[in-house]
Each structure stands twice: as structure tokens, then as C-alpha cells.
Amino acid sequence: MYQKILIANRGEIAVRIIRACREMGIASVAVCSEADREALHSQLADECICIGPGRPADSYLNAEQVLSAAVVTGAQAIHPGFGFLSENTRFARMCRECGIDFIGPSPESIECMGDKAQARRTMMEAGVPVIPGTKEAMTDAAEGKKFADKIGYPVIIKAAAGGGGRGMRVVSGPEVFEEMFRVAQQETMQAFGDDRMYIEKYLAAARHIEIQILADQYGNTVYLGERDCSIQRRHQKMIEETPAWILDGETRKRMGQAAVKAARAAKYFSAGTVEFLLDSDGKFYFMEMNTRIQVEHPVTEMVTGIDLVKQMICISAGEKLPFDQNSVSIHGHAIECRITAEDPKHGFRPCLGTVQNLHMPGGNGVRVDSDLYLGYRLSPFYDSMLAKIIVCADTRQEAIRKLQSALGETVIEGLVTNLDFLYELAGSQWFAEGNCAAINEMLEGRCGA
């Protein structure tokens, strides 16, 4: 097992990984930008090294600086968390060349599944159902329009080398396709430095279901249930829950087996998530695979009792999975919501400020993942997420009531947040009924889309 791990990230996920290292008796090294010198992850780690200015491109995305920090501190492995360098093939290869373990899948698996067009080809060959779409990535808007005209509208344009809703546009008809293609392409280039796009048929009423998998380096792969991530704003997830109440036992099993098949086709090890779209007829289609830990991983941990971050570390260190598929059991229902520094009354506009009063909820079945503290000042350089509140109870109805209670207890003053909006949403009839389509339509309306 490792003696020292560097965490190549910031915010609540860096804090989460630091805590896992502490529990495992592993020393942790944080990296921070100049804007994050006083951040919680910088203070909690055993060591901290500043790697550059506030802009992510000059610090958290600077692979050479991150690796230099690992070498200088003697870290044997790097955990990338999510975002930043977590799905960067070049960085994973650089770690390998420097003799430092990348706590995640191999560079080859990241490359295979990170390029969505290549991932689609791999899934087709493995017999995993995929949504009709382009087999190769493209950069020409006119070429894309010809394909969209052929398969019929609506279609969705996606970044070939991205995720998190960036570089993604739904197109309802041919008259706006080329404009939307160029807008998505520009956004993709800014976010990922890659202007390749691909196109899929858009399934308007589909549910977004993702399967959590764990795989070791010896071919052992298991799925740990699913998460329903259908409530989204501009393709950014807001609320996630498990189990997905809409699934029957047979469909759940087939989706889990398909996720395992997908992981094996990519020669995958570590934690990962295989994302599917489930249509109104109960048919599901592969959408993409996230080759990293997910923001919403805590709901899976709450119902399985399995610490995914610790398992990632153990797998990277060469250990076998300590359980098989028959040993995995799901208990209860868990829900997660993301508290962000955004103004729902003004199109969810990001806001800045300093935390002047703070109270986070607690109690049985309540978990808070956050890097907030009294006096914390938000930086304009990073994501607006402040905290994740996760609850677990015996039933979905009980979990919803617990979520309402936890949100009602939460106090974050000095910042404009979406806290009141989430409280109202959790108590709505739409949420109780699982009417994600109505919720998403309302969210898009608030965004002015």
C-alpha cells in the first residue's frame, strides 16, 4: 500500500480523498493555486504545494507542475478526483513514465472511452446497445447537417473529448443546425482544446440512468447498482438518487450486466460509471463512460456501504476486489442534491461572496460533502458547487422527507445560493412523482433557454 498520495484537485472532492487517505494511514499532499492557499483542502492535507496562479490552465490543469509536486514530495501515486486532469490521457501516461501511479484506469482505457466516437465503436463491437449516431467524430458543420438530416430531428451535438454538459446542444430542426454546431464546437475548444464533435439521435423523454462499476487489475468486475440522474439543468446534474424507482428487477440486472460488458471491452480497472439512456419502452442505450469517480458517488456508498475512493486506491495499489457480484447488496434509498453559488431567480447566474454564517445539517442518514467554512471566500476561477447534501432512508418517501429536513436546516449566509430552490423542489409534487420531464422543462425555462 502507498505511504503518500498527492491529490490533483481542489474543493470538496479533494477533502473527500484526503479523509480517505487519513483513514487508511496514508499521508496526503494537496496542490493549490494562489487563489486556494486558504482553501480547506490546502489546510487539511499533511503537505500542500502551490502550483500556480488562480486560472485552472495555470495550476490544476498544468500537468508538469502537478507531477513536479509529486516528485518533490515523494508521493507514490496521484488521485485526480473528477474534472481537471482526471480523464486526461496525456497526464495518465506522464504519470506512468515518471513511475508514479495514476489512481484510475490505464491511459489506454481513458483514451478508448474518453473519445465518445471511439467509445461508441467499442460498445458496438461488444454488443452493448448504442443510440443511433455518427461512427466517427467530425469538425465540419455541413457534414454534420447531412448526417442529422438523414437520421431525423431532434438530434444532439456532443463534444467527442468532453463531458459535464459542455459543448452539447440539442437541435430541433435543420434551419439552426449549423449555427448550433459552431457554438457547441467553440465551447468545446475552449473547455477541452479539441473541436471534434459527434451527433446522436436525441431521445427527448428518456431517463438518464448510470451504473457504477468497480474493476480490479485481475479481471474482476462488479456493478454496484444504478443512479437516476435525470434531473438536469443544461445537461448538468442537480439531484441524483439510487435505486432508480422506475427500473424493474430484470431491467436493472440487464443494465448492470451491460455495464460490466462495457468495462471489460475497454479493459477497464478502477471505479467508473457507464451511462445509459432509458426510453419509455424500457429499452436502454449506451451513452458514455466516465473513467473517474463521479460527483454523485456518495449515494452509491450510502446504500452499499462500499467506500469507492478507498477501493480506487486499493485497486491502483494492486489489490484484488474483496467481494464479488453476489456479495453486493443494496439497502435503502439515497438522494443527493448539489448546493451551488447560483441565483435561480436570474437564470442560475453564478455568484461570488464570502461565507458569513454557516450551519450544515446532521443526524442519522445525513451526509455533507463540502469544503466550506466560516469566512470562506469564493473564487471566480472555479465551479460554483459549494456542497453536496446526501440522505439515506429505508424508502424513497422517507428519503425525500429527510432531504427536505436537511435542506431546511442548512444555513449559508453571505452568498446567493440555490438552497431555497432545492428545498422547494424537494417538496414538490413533481419530485414526489418522479416527473423529471416537467422539472427539467421548468429548469430550462428559468435558464431562459
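The structure this text deals with has already been given above.
My aim in this report is to walk through the structure given alongside it, one point at a time. Just so it is clear, the model here is predicted, and its values are computed rather than measured. Within any chain, residue numbers begin from 1 and follow the written order of that chain's sequence. Only residues with pLDDT of at least 70 get local features here, since the model is predicted, and only at 80 or more are side-chain atom pairs given and counted; chain-wide, interface and lining totals rely on the full set of residues. Hydrogens and water are ignored here; the side-chain numbers use all heavy atoms of the structure.

### Quick look at the overall build of the protein chain
- Scanning the protein chain for helices and strands turns up 15 helices and 20 strands.
- With C-alpha atoms as the basis for the radius of gyration, the globule rule is written as 2.2 Å multiplied by the number of residues raised to the power 0.38. Relative to the compact-globule value of 22 Å for 449 residues, the protein chain shows a C-alpha radius of gyration of 21 Å, a close match.
- The C-alpha extent of the protein chain, read off along each of the three principal axes, is 55 × 50 × 45 Å.
- Counting all 449 residues of the protein chain, 57% fall into the buried class.
- Contacts: residue pairs with any heavy atoms within 4.5 Å of one another. Summarising the internal contacts of the protein chain: among those between residues at least 6 apart in sequence, 65% fall at separations of at least 24.
- Taken as a whole, the protein chain presents about 18,200 Å² of accessible surface, with 47% of it coming from carbon and sulfur.
- Averaged over its 48 positive side-chain charges, the protein chain has a centre that lies 2 Å from the centre of its 59 negative ones. For helices the rule is a DSSP run of H or I covering at least 4 residues; for strands it is a run of E covering at least 2, with both sets numbered from the N terminus onward. Each residue gets one of three labels from its accessible area relative to the maximum for its type: buried under 20%, exposed over 50%, partly exposed in between, using a 1.4 Å probe on protein chains only. Areas reported here follow the Shrake-Rupley algorithm with a probe of radius 1.4 Å; residue values treat only the protein chains shown as occluding. By the counting rule applied here, Lys and Arg register as positive and Asp and Glu as negative, while His and the ends of each chain are not counted. Where a charge lies is defined by one atom per residue type, namely NZ (Lys), CZ (Arg), CG (Asp) and CD (Glu).

### What about the layout of surface pockets?
- Its boundaries defined by the atoms lining it, the second largest pocket holds a volume of some 290 Å³.
- For the second largest pocket, the lining is made up of 15 residues, of which Pro-344, Thr-417, Leu-419, Asp-420 and Phe-421 are closest to its centre.
- Breaking the lining of the second largest pocket down by element, the ones donating at least two residues are strand E20 (411-413) and helix H13 (419-426).
- Of the residues forming the lining of the second largest pocket, the biggest block, four residues, is contributed by H13.
- For this classification, Asp, Glu, Lys and Arg are treated as charged, while Ala, Val, Leu, Ile, Met, Phe, Trp, Tyr, Cys and Pro are nonpolar and the rest, including Gly, are polar. Among the residues forming the lining of the second largest pocket, the class breakdown is seven nonpolar, two polar and six charged. A cavity here means a set of 1 Å grid points, computed over protein atoms only, where a 1.4 Å probe fits but cannot escape. A pocket is an open set with protein on both sides within 12 Å along at least 5 of 7 lines, and lining residues have an atom within 4 Å of a point. Grid points are joined across faces, edges and corners, and a volume is the space filled by probe spheres set on the points.

### Quick notes on the environment of Ile-103
- Looking at the secondary structure, you find Ile-103 in the loop between strand E5 (101-102) and helix H5 (107-114).
- Assessed through its relative accessible area of 1%, Ile-103 is described here as buried.
- Along the sequence, Ile-103 and Gly-81 sit 22 residues apart, while their C-alpha atoms lie 8.9 Å from each other.
- Excluding its chain neighbours within four sequence positions, the residues that come into contact with Ile-103 are Tyr-2, Ile-5, Ala-77, Ile-78, His-79, Pro-80, Met-312, Ile-313 and Ser-316.

### Quick word on the sheet that holds strand E6 (residues 155-159)
- Taking strand neighbours across the sheet as the criterion, the three strands line up as E7-E6-E8 in an open arrangement whose pairing is antiparallel. Of all strands in the sheet, those bounded by a partner on one side alone are strand E7 (169-171) and strand E8 (197-201). Across the sheet, the mean angle from the axis of one strand to that of its neighbour is 25 degrees, orientation sign disregarded.
- The pairing criterion for strands is at least two bridges between them, as found by DSSP. Direction of pairing for E6 relative to E8: antiparallel, over a ladder of five bridges. When the bridges of E8 are listed, Val-155 appears paired with Lys-201.
- Axis lines are fitted to C-alpha atoms, over the contacting stretch for helices. Their N-to-C directions set the angle, which ranges from 0 to 180 degrees. Strands in contact with helix H8 (residues 177-192) are E6, E7 and E8; relative to E6, the strand with the most contacts, it is inclined by about 25 degrees.

### Let's talk about the pairing of strand E1 (residues 4-7)
- Along E1, one buried face is formed by Lys-4 and Leu-6 and the opposite face, lined by Ile-5 and Ile-7, is buried too.
- Where E1 meets strand E2 (residues 27-33), four bridges bridge the pair, whose relative direction is parallel. Residue pairing across strands places Ile-7 opposite Ala-30, the latter belonging to E2.
- Seen with its strands pointing away from the viewer, a crossover is right-handed when the path leading from the first strand over the helix to the second is clockwise. Traced from E1 through helix H1 (residues 11-23) to E2, the parallel crossover comes out right-handed.

### Looking at helix H12 (residues 396-409)
- How far a helix is expected to stretch is found by multiplying one less than its residue total by 1.5 Å. Spanning 14 residues, H12 covers 20 Å between terminal C-alpha atoms, matching the ideal 20 Å at 1.5 Å per step.
- What H12 keeps buried is the set Arg-396, Ala-399, Ile-400, Leu-403, Ala-406 and Leu-407. In an axial view of H12, the angular spread of the buried residues amounts to 125 degrees, which keeps them on one side of the axis. Exposed and facing more than 90 degrees away from the buried side of H12 are Gln-397 and Gly-408. For this quantity, the arc is that covered by the directions from the helix axis to the C-beta atoms.

### Here we look at helix H7 (residues 141-151)
- Among the residues of H7, Ala-141, Gly-144 and Ala-148 are the ones counted as buried. The arc that holds every buried residue of H7, seen down its axis, measures 60 degrees, which confines them to one face. Seen from the open side of H7, the exposed residues pointing more than 90 degrees away from its buried face are Lys-146 and Lys-150.
- Residues of H7 that are buried make contact with E6, H8 and E8.

### Some details on the packing of H12 against H13
- The interhelical angle for the contact between H12 and H13, taken along N-to-C directions, is 155 degrees, at an axis separation of 9 Å. By the angle between their axes, H12 is roughly antiparallel relative to H13. In terms of crossing hand, the pair formed by H12 and H13 is left-handed. Note on element contacts: H13 touches H12 through Leu-419, Leu-422, Tyr-423 and Ala-426, opposite Ile-400, Leu-403, Gln-404, Leu-407 and Gly-408.
- Per-class residue counts for the contact of H12 with H13 are seven nonpolar, two polar and no charged. With respect to orientation, any angle under 35 degrees is reported as roughly parallel, any angle over 145 as roughly antiparallel, any angle of 65 to 115 as roughly perpendicular, and every other angle as oblique. Crossing handedness: left-handed means the near helix sits turned counterclockwise from the far one by under a right angle, and right-handed means the same turn made clockwise.

### Quick look at the pattern of salt bridges
- Salt bridges are counted wherever a side-chain nitrogen of Lys or Arg sits within 4 Å of a carboxyl oxygen of Asp or Glu. Across all of its chains, the model carries 31 salt bridges by this definition.
- Here Arg-16 makes a salt bridge to Asp-307, at a shortest N to O gap of 2.9 Å. In this pair, Arg-16 sits in helix H1 while Asp-307 sits in the loop between helix H10 (297-304) and helix H11 (308-316), placing the two residues 291 residues apart along the sequence.
- A relative accessible area of 10% means that Arg-16 is categorised as buried.
- For Asp-307, a relative accessible area of 23% translates into the label partly exposed.
- The shortest N-O distance in the salt bridge between Glu-210 and Lys-237 comes to 2.7 Å. Highlighted residues: Glu-210 in strand E9 (residues 207-215) and Lys-237 in strand E11 (residues 236-242), separated in sequence by 27 residues.
- Take Glu-210: its relative accessible area is 0%, and that puts it in the buried class.
- Overall, the relative accessible area of 14% leaves Lys-237 in the buried class.
- One continuous salt-bridge network, built from bridges that share partners, spans Glu-210, Arg-227, Lys-237, Glu-240, Glu-275, Glu-296 and Arg-338.

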